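# Structural description and commentary
What follows is the residue order along each chain.
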Amino acid sequence: SSPLALSIRSADECMAASAGKGSQDAATYYSGPLQLIRIDDDGKCHLEENAACILNQIQGRIAVVGVAGLYRTGKSFLLNRLLGLQEGFEIGPSVNPCTKGLWIWGQPVQLAPDYHCILIDTEGLGSTQRTASCDMQIFSLCILLSSYFIYNSMGAIDEQAIDDLHLVLHLAKHIHVKTKKGQEAERASELSQYFPNLLWVLRDFHLRLADSKGATITEREYLEDSLKPLPGQDEKNKLREVIKDLFKERDCVTIVRPVAEESDLRNIQRLPYESLRPQFRTQVEAFVRKVYMSLKPKKIEGAFVSGTMFVNLASEYCKAMNNSAVPTIQSAWTSVVQHQLRLCLKDAVQIYRARMNDTAMQHLPMSEDKLREFHKSAKGEALKVFLAPRFEANDPKFREYRAELASRIKQLQDHVKVENVSTSTRQCERFATELFSRKIENKLSVRGSYQNFEQLLQDWDQLRKSYLEQTAGPAQTDVLASWIFPRMTESVQKLWEELRGTHDERHTSMQRKLAETEARSTNVRDSLDNERSKQSDGLEVAKRQWLAERIDMERQVEDAKRMLEESTLRASREKAQLVDSERTLREQMKILHERLASGAETRRGAAEGSGLGSAGGHADLQILRDSMATMMAEVRGMGMEKKQLEMKAEHEKQLIGLERKFQRQLMDARRKNEGLIESLRQTYEDEVDGLKTFRSELIVRNKDLEKELERARGEAQVLRERVSSADSERALQKRFVENAQRQSELVTSFLERVPGRGGTDLQPLREELGALTAGASDSASRAAGGLRGPVNGGNMPYSAANAAVFRSVPGV
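Residues numbered from 1 in each chain as written. Predicted model: local features only at pLDDT ≥ 70, side-chain atom pairs only at ≥ 80, totals over all residues. Heavy atoms only, no water.

## A word on the overall build of the protein chain
Check the secondary structure of the protein chain and you find 20 helices and 11 strands. Relative to its full complement of 812 residues, the protein chain shows a buried share of 33%. Counting only contacts in the protein chain whose residues sit at least 6 apart along the sequence, the fraction spanning at least 24 positions is 71%. Surface accessibility of the protein chain: about 50100 Å² in total, with carbon and sulfur atoms responsible for 53%. (Helix = DSSP H or I, 4+ residues; strand = E, 2+ residues; numbered from the N terminus. Buried < 20%, exposed > 50% of the residue type's maximum accessible area, 1.4 Å probe, protein only. Contact = heavy atoms within 4.5 Å. Areas by Shrake-Rupley, 256 points an atom, 1.4 Å probe, with all protein chains shown as cover.)

## What to know about the nonpolar core
Counting 89 residues, the largest nonpolar core has Ile37 and Phe139 as its most contacted members. With nine residues, the single largest contributor to this core is helix H4 (residues 132-145). Residues Cys117, Leu119, Tyr273 and Leu295 belong to the second largest nonpolar core, which totals 33 residues. (Core = buried A, V, L, I, M, F, W, Y, C linked by side-chain atoms within 4.5 Å.)

## Quick word on the packing of helix H2 (residues 49-56) against helix H12 (residues 307-322)
Running from amino to carboxyl end, H2 crosses H12 at an angle of 150 degrees, the nearest separation of the two axes being 7 Å. Along the contact surface, H2 presents Ala52, Leu55 and Asn56, while H12 presents Gly307, Thr308, Phe310 and Val311. Of the residues in the contact of H2 with H12, the class split is four nonpolar, three polar and no charged. (Axes fitted to C-alpha atoms, helices over the stretch in contact; angles between N-to-C directions. Nonpolar A, V, L, I, M, F, W, Y, C, P; charged D, E, K, R; others polar.)

## Overview of helix H8 (residues 219-226)
Within H8, burial applies to Tyr222, Leu223 and Ser226. One side of H8 holds all its buried residues, which, seen down the axis, span an arc of 100 degrees. For H8, the elements touching its buried residues are strand S8 (197-203), helix H9 (234-246) and strand S9 (250-254). (Arc of directions from axis to C-beta.)

## Re unusual backbone geometry
Cis peptide bonds are those with omega within 30 degrees of zero, and the linkage from leucine 364 to proline 365 qualifies with 0 degrees. Relative to the assigned elements, proline 365 resides in the loop between helix H13 (329-359) and helix H14 (368-386). Located in the positive-phi region is aspartate 204, a residue other than glycine, with phi close to 50 degrees. Following the sequence through the fold, aspartate 204 ends up in the loop between S8 and H8.

Below is the structure:
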């Protein structure tokens, strides 16, 4: 899979987008090849702006993989595989080189959050369209810019392959570590510390890796054996020594031919990667793993190279070559370091200014401690940006620019401090004026607003608290001491004068009121004396009247008491008389009863005797009877009155009892009615709750029925689709059987027409085709009847079986 993950954009769009972005914004890359260095026909090197814009966006460390070799040897294909692509860098089918100058892939491969890999493809060496000087420029630039150099060649490492690396001999002449005053040659060992690791890729390699004794060796061992000096070949041995001196870290990879056909080889970029030879794919994948596992960040003089520094380095090398000078690594690096230090200084100052603007300048005023914290944080971020390239700390230029950064930061910090003091002073004076005017001055202008000094001091205390809460900055204490305290003294003096004037006015007013009060008191005292004398006389008269009325009232009370005693005595006597009368009457009635009894006996004796004196006896008897009747009437009257009183009392008692009974019945009826009403209400609420529950259950049941209906509809739809699919499959099987039948007939007809292939030789084939035809008919009948199952015994389809029969024909 491809390691690229960002969107594809054109190079012009990327350049326009990157022009408006800061160093901290997300980078915008171009997923395609971009020319890095163009070499014109005059041999002048030109750094392309589009590629430079892309590289300038890369933050952090970079590893640079450069590939070089003879033209038309498949260098671009190797880079495409490093990208995980089949089509990336251009691969052409002709003898003309496809790549001109040096090209990069516009989308760096991200190896870590701050670590990217740049892939460089170079123009093929040895082309008839370029001179040897141009080849030397391309070869030198690729080695100078790379941290991992891949040399691509065809076949084994033989004498010709060694000859093809003759450019290495001239590297010491065309590349210097530092400026030379004389023309003495520079040793290869001095250049080796600046040269990348070497990976020699041998394409279309078909030999077995073995030493002189036939033992199997590794690819690295094969490379080392090939670089050993041979007797009698001084020139080539010198080349071998230079290769070993310049490239201390070296390795080798062998890759077989990707395809067997030449036509496929010419269009290999159009072939699917899976269609290439398995051994080739395995070796290519091993090559990719080896490259990525061996990558190291590009470093010069112990410092990591960033994207911007890489662009400046390439520019310095191009300038040196264009001026017909020898590229000097240290000179170019010094120029790059100075340029990078200038950029880092600019970016660090910009970061400090931006952070201070965002955190401090936009929120002034603030306390000095908080401002110091913001300064410390912004300075830390600025130093982080400045130290990101990790230059040598003892480098004089680095110390110079770091001192310049400290000076710039100090100037900006002083400016922020001055602004903080100025803003704090304005804010503190404004709030102090507003608070004094609102809380104290307005009240002082109204006489009598303050009754004492405690109220004024309370307002001043509230003003001080509000002032400290609403203000900040270094001027807070100064304004408090220089502006607020004098106003406090003035307000206390003004309140003192006001209170003293108020006290004097109140004292004068009280003296005047005291004199008026004394005069009124004298008048009132005189009036009270007169009124007291009048009241004393009236009291004596009223006292005498009261005593007279009291005596009269006591006399009346005594009379009432006496009359009450008399009435009580008279009532008691009458009661006693009534009792005596009742007793006398009872005695008389007893006597009368006795007399009546004796009279009756007398009458009976007289009647028996002579019958004399009947008239007198009758008269006495009549008198007695009348007296008796009178007494009985009186007794009866008294008894009637008593009975009436008793009946009246009993009637009242019954009325009271009836009333109480009615009240109890009324309370019972009321409680009973309330109980019935409460029972009816509870029953009604229970019925309502039951109806609500039943309604909820109906709703849930309705939803369940709707879901079941929807599920049934879905199942019906699935069944309809299955039926339709079965019908389609049945029709397809029917067509398949018909095609197989037709194929069998054609094969039979063909076999019958084959010259010299008749008779008994083809009889087994005819029988087999007949069996297949019969099987096809059975299958057709089963398909027509809706049956399913394997056809032709489940071995193979009809077309495959007929093809097998056809291939078994001898000579066909």
